[in-house]
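Observations on the three-dimensional arrangement
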Amino acid sequence: GETPETPGVPVIPEGGTAIEFTTDSVKAALPNITTNGYGSQNVTSYSTFLTWDVFAACKLCLPPAGDYANANCLQMQGNTDAAKQGRVGNVAATPKRITKVIVESYNAKYTPNFNLALGTEQVVGTSVPANMIPASSMTTSSVVEGALTKYVSTYEVTSGDYTYFAIYKNTTGAFYFTKIRVEYAE
């Protein structure tokens, strides 16, 4: 006789002290971002990175028509070769130390498998990430939405005076996400 509870859709909190971007804010800032192609972005040449607001990214594009495009995702390349890994992070320090990084992503087959690098200087353009926090240390909630699963993954940063972050996609396969929020101390 009992009706099972339907899991709620994970939601990233709003407000507070944070920097963040969404697919829509990237599209507005980079109206010429390519679809299903990374263009001339080169991980070893920071001058080729896409930049907007206080962020920079490499190996980032819009997904082709289909489920990920319908979910309004950004697509980042994944690769075990460091020169081909997708990266996104801040290029201007947060006012205070980072306390949390939250990523909203979608996938049809796999749970999120990206890593977080933290630093006291910019880390998004470095060849070897500093202070890597593996995916196994984040907490993730999820809900199925049609053919995709929506994930909200949270890294709690409990030590270090880090004011820079970078998401590194250092495993094979594209990564599809819609929002990154970086919270910092008040």
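Residues numbered from 1 in each chain as written. Predicted model: local features only at pLDDT ≥ 70, side-chain atom pairs only at ≥ 80, totals over all residues. Heavy atoms only, no water.

This part is about the overall build of the protein. Tallying secondary structure elements over the protein gives two helices and 13 strands in all. Expressed as a percentage of the 186 residues in the protein, the buried residues total 46%. In the protein, once contacts between residues fewer than 6 apart in sequence are set aside, the share between residues at least 24 apart is 76%. Working note: accessible area of the protein is about 8900 Å², and carbon and sulfur atoms make up 49% of it. (Helix = DSSP H or I, 4+ residues; strand = E, 2+ residues; numbered from the N terminus. Buried < 20%, exposed > 50% of the residue type's maximum accessible area, 1.4 Å probe, protein only. Contact = heavy atoms within 4.5 Å. Areas by Shrake-Rupley, 256 points an atom, 1.4 Å probe, with all protein chains shown as cover.)

The buried fraction of strand 11 (residues 148-156) amounts to eight of the nine residues, a majority that puts the element mostly inside the structure. Summarising the sheet, strand 7 (residues 98-107) and strand 11 pair through eight bridges and their orientation is antiparallel. When the bridges of strand 11 are listed, Asn107 appears paired with Thr149. One ladder, built from seven bridges, connects strand 10 (residues 139-145) with strand 11; its direction is antiparallel. The residue of strand 11 that forms the bridge with Thr139 is Thr154. Connecting the antiparallel pair strand 10 and strand 11 is a turn made up of two residues, with Gly146 showing a positive phi of about 65°. (Pairing = 2+ DSSP bridges.)

Geometric descriptors of this kind do not, in isolation, establish any biological role.
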